[in-house]
Amino acid sequence: APAPCRLNSGLPMNIGVLFVPQQEAWVVERMGKFHRILEPGLNFLIPLLDRIRYVQSLKEIVINVPEQSAVTLDNVTLQIDGVLYLRVMDPYKASYGVEDPEYAVTQLAQTTMRSELGKLSLDRVFRERESLNANIVDAINQASDCWGIRCLRYEIKDIHVPPRVKESMQMQVEAERRKRATVLESEGTRESAINVAEGQKQAQILASEAEKAEQINKAAGEANAMLVKARAKAEAIQLLAAALAQQHGSAAASLSVAEQYVSAFSKLAKDSNTLLLPANTGD
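Note that the coordinates shown come from a computational prediction; the quantities given were computed from them, not determined experimentally.

Bringing the pattern of salt bridges into the picture now. Under the criterion given, the structure shown has eight salt bridges. Taking the shortest distance from any N to any O, the salt bridge between E60 and R87 comes out at 3.9 Å. Of this pair, E60 sits in strand 6 (residues 60–71) while R87 is found in strand 7 (residues 77–88), placing the two residues 27 residues apart along the sequence. By relative accessible area, which is 31% here, E60 ends up partly exposed. Taking the relative accessible area as the measure of exposure, R87 reaches 32% and is therefore partly exposed. Between E60 and R153 there is a salt bridge, and its shortest N-O distance comes to 3.2 Å. A residue pair is termed long-range when its members are at least 10 positions apart, and E60 in strand 6 and R153 in strand 8 (residues 149–160) qualify at 93 residues. On the accessibility criterion, R153 (37% relative accessible area) is partly exposed. Salt bridges here are not isolated pairs; linked through shared partners, they connect E60, R87 and R153.

Structure representation (structure tokens):
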């Protein structure tokens, strides 16, 4: 049977002088036994004795992992497919360690995916997608080390959920959105009530401060008025005393008192018919 070969339709023939392309490794057997690995560039072999048995590509290989079904921790069946990125690190192990490295790694990726999904619930599968990819890569590398292949990364392409589960998830999302809207509305009402209460409080404080300031200003005005009246009365008394101290001052004062006395007598009979007159009215 022909030996496995990557990126080539057939194995190169040994004509003695061979040119190996870059990023390829040719595994050579001499009389049916491993002899050596040809490096890129010019190489010489012995015809008939040496035979190129495997051609390994050292480039990064992309493999589509077929869609598979897996059951989550909460017993939900999912359909998942992915993409696997590989690279041959040891051409000898990749040639003699396993019959078909790509098929082996693909099967390992599928079994590891089912195992990892069985540890997670449906909600965590969507939230922890990156950690799920990393766990699959670690598990593949541990098993494929003896095959000379290293898994660089694994990416989940699509996750297909059953229709009924999708409908329940949609209802859950809508309920969560309504809940958030209700919470936001209640928070807005609460903030509005708090703002109104704060405004009323500030208005009352400002009104009391304004009333306080008004009373202080009014008291200060009354005090200033009393001081002005007292000063005016004191000045009037001083002026009156100075006038009395002058010549004929007492006579002028007696005349003023007499005039007030007469004026008071003229008002006695206006409010009542009973009059009390002093004995010395003519004094």
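Now that the structure has been shown, we can carry on.
Turning next to the packing of aromatic side chains. One pass over the structure, following the stated rule, counts four aromatic pairs. A ring pair is formed by Y54 and Y96, whose centres lie 5.4 Å apart and whose planes are at 80°; its orientation type is edge-to-face. Of this pair, Y54 sits in strand 5 (residues 50–57) while Y96 is found in helix 1 (residues 91–96), placing the two residues 42 residues apart along the sequence. Classification of Y54 by relative accessible area gives buried; the value is 12%. Where Y92 meets Y96, the ring centres are 5.1 Å apart and the plane angle is 45°; that geometry is what we call tilted.

Here we come to the nonpolar core. L78, L84, L86, M113, I140 and Y154 are the most contacted members of the largest nonpolar core, which has 33 residues in total. By residue number, the principal contributor to this core is helix 2 (residues 101–117), which donates six residues. Those residues in contact with L78 that lie beyond four places of it in its chain are Q68, S69, A70, T72, L122, V125, I159, H160, V161 and P162. Listed in part, the eight residues of the second largest apolar core include L18, V20, I52 and V55.

What follows covers the sheet that holds strand 3 (residues 33–38). Taken together, the three strands give an open sheet; going across it, the order is 3-2-5, and neighbouring strands pair in antiparallel fashion. Sheet topology places strand 3 and strand 5 at the edges, where each strand pairs with a single neighbour. Each strand of the sheet is rotated relative to its neighbour by a mean of 25°, with strand direction disregarded.

Before going further, it helps to spend a moment on the confidence of the model for the chain. Any segment with low pLDDT has predicted coordinates that should not be analysed in fine detail. On average, the chain scores 82 in pLDDT, and the residues at 70 or more come to 87%. Under a pLDDT of 50 for its full length, residues 1–9 has, in the predicted model, 20 contacts with residues more than four places off or in other chains.

Another aspect to go through is the sheet that holds strand 8. Spatial ordering of the open sheet is given by 6-7-8, a layout of three strands whose pairing is antiparallel. Where the open sheet ends on each side, the last strands, each with one partner, are strand 6 and strand 8. For this sheet the average axis-to-axis angle between neighbouring strands, irrespective of direction, equals 25°. In the sheet, strand 6 pairs with strand 7 via ten bridges, with the strands oriented antiparallel. Looking across to strand 7, one finds that I61 is bridged to L86.

In this model, helix 2 (17 residues) spans 24 Å end to end at C-alpha, consistent with the 24 Å of a helix rising 1.5 Å per residue. For helix 2, the complete set of buried residues consists of P101, A104, V105, T106, L108, A109, Q110, T112, M113, E116 and L117. Tucked into the core, helix 2 has its buried residues touching strand 6, strand 7, helix 1, helix 3 (122–127), helix 4 (129–144) and strand 8.

Here we take up the environment of Q23. You can see Q23 is positioned in the loop between strand 1 (17–20) and strand 2 (24–30). Along the sequence, Q23 and E60 sit 37 residues apart, while their C-alpha atoms lie 9.9 Å from each other. Contact partners of Q23, with chain neighbours within four places excluded, come to P40, Q56, S57, L58 and K59.

Thresholds applied
- Residues numbered from 1 in each chain as written.
- Predicted model: local features only at pLDDT ≥ 70, side-chain atom pairs only at ≥ 80, totals over all residues.
- Heavy atoms only, no water.
- Salt bridge = Lys/Arg side-chain N within 4 Å of Asp/Glu carboxyl O.
- Helix = DSSP H or I, 4+ residues; strand = E, 2+ residues; numbered from the N terminus.
- Buried < 20%, exposed > 50% of the residue type's maximum accessible area, 1.4 Å probe, protein only.
- Phe/Tyr/Trp six-rings, centres within 6.5 Å; stacked < 30°, edge-to-face > 60°.
- Core = buried A, V, L, I, M, F, W, Y, C linked by side-chain atoms within 4.5 Å.
- Contact = heavy atoms within 4.5 Å.
- Pairing = 2+ DSSP bridges.
- Axes fitted to C-alpha atoms, helices over the stretch in contact; angles between N-to-C directions.
- pLDDT = per-residue confidence, 0-100.
- Expected span 1.5 Å × (residues − 1).

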